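Results of the structural survey
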Amino acid sequence: MADPHEFDDVMPENTARRVPQEPVRENLFSRLIYMIIIAIMISFVGTLIGVLALLQFVMMLISNKTPNERLSALGTDVGLWVAKATRYQTAASEEKPWPWTDLD
């Protein structure tokens with residue numbers, strides 16, 4: 001499962017400790033291609049989050065208000081992926097999100 005504290009360094013209270021980023025190292029045209037692909041993936045994630053929320057609500061109705069841990073963990077992983085993808089899109093990170101790197 002992903003580390004929920006992975007992006008603590010980008011939270012407003014921690015940005016003063018952040019080291020300035022180096023210039024982008026990869027070819028800008030290839031980065032544009034990756035950014036377009038990731039933008040399409042992010043648009044699908046919005047639908048996925050809606051489906052997960054609906055499934056979790058149904059599971060909570062069935063199981064006496066107890067959330068499904070696997071759905072919760074999947075939601076956390078999806079949220080961390082969106083954060084990682086957004087950091088790449090905005091050039092705050094050089095690390096590409098899944099499927100180019102591990103899901104974490």
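All of the points below concern the structure found in this document. (Residues numbered from 1 in each chain as written. Predicted model: local features only at pLDDT ≥ 70, side-chain atom pairs only at ≥ 80, totals over all residues. Heavy atoms only, no water.)

For the rest of this paragraph, the subject is unusual backbone geometry. Put simply, tryptophan 98 and proline 99 share a cis peptide bond, and its omega is 15°. With a phi close to 60°, asparagine 64 is a non-glycine residue in the positive phi region. Mapped onto the elements of the fold, asparagine 64 is located in the loop between helix 1 (28-62) and helix 2 (69-89). A positive phi angle, near 70°, is found at lysine 65, a position not held by glycine. (Helix = DSSP H or I, 4+ residues; strand = E, 2+ residues; numbered from the N terminus.)

Attention shifts here to the nonpolar core. The biggest cluster of nonpolar side chains holds nine residues, and these are Ile38, Met41, Val45, Leu52, Leu71, Val78, Trp81, Ala85 and Tyr88. Elements with a contribution of two residues or more to this core: helix 1 and helix 2. A per-element tally of this core places helix 2 first, with five residues. Non-local contacts of tryptophan 81, meaning those with residues more than four positions away in its chain, are made with Ile38, Met41, Ile42, Val45, Pro97, Trp98 and Leu103. (Core = buried A, V, L, I, M, F, W, Y, C linked by side-chain atoms within 4.5 Å. Buried < 20%, exposed > 50% of the residue type's maximum accessible area, 1.4 Å probe, protein only. Contact = heavy atoms within 4.5 Å.)

With 21 residues, helix 2 ought to run about 30 Å at 1.5 Å a step, and its terminal C-alpha atoms sit 30 Å apart, in line with that. For helix 2, every residue scored as buried is listed here: Leu71, Asp77, Val78, Leu80, Trp81, Lys84, Ala85, Arg87, Tyr88 and Gln89. Buried residues belonging to helix 2 abut helix 1. For helix 2, the side-chain oxygen to backbone nitrogen distance between the N-cap and arginine 70 is 2.9 Å, and the N-cap itself is asparagine 68. Positive phi shows up at alanine 91, right after helix 2, with a value of about 60°. (Expected span 1.5 Å × (residues − 1). Polar contact = N/O pair within 3.5 Å; in protein donor to acceptor, adjacent residues only side chain to side chain.)

What follows deals with the environment of arginine 70. By the element assignment, arginine 70 lies in helix 2. When its relative accessible area of 74% is taken as the criterion, arginine 70 is described as exposed. Residues arginine 70 and glutamine 56 lie 14 residues apart in sequence; the distance between their C-alpha atoms is 9.7 Å.

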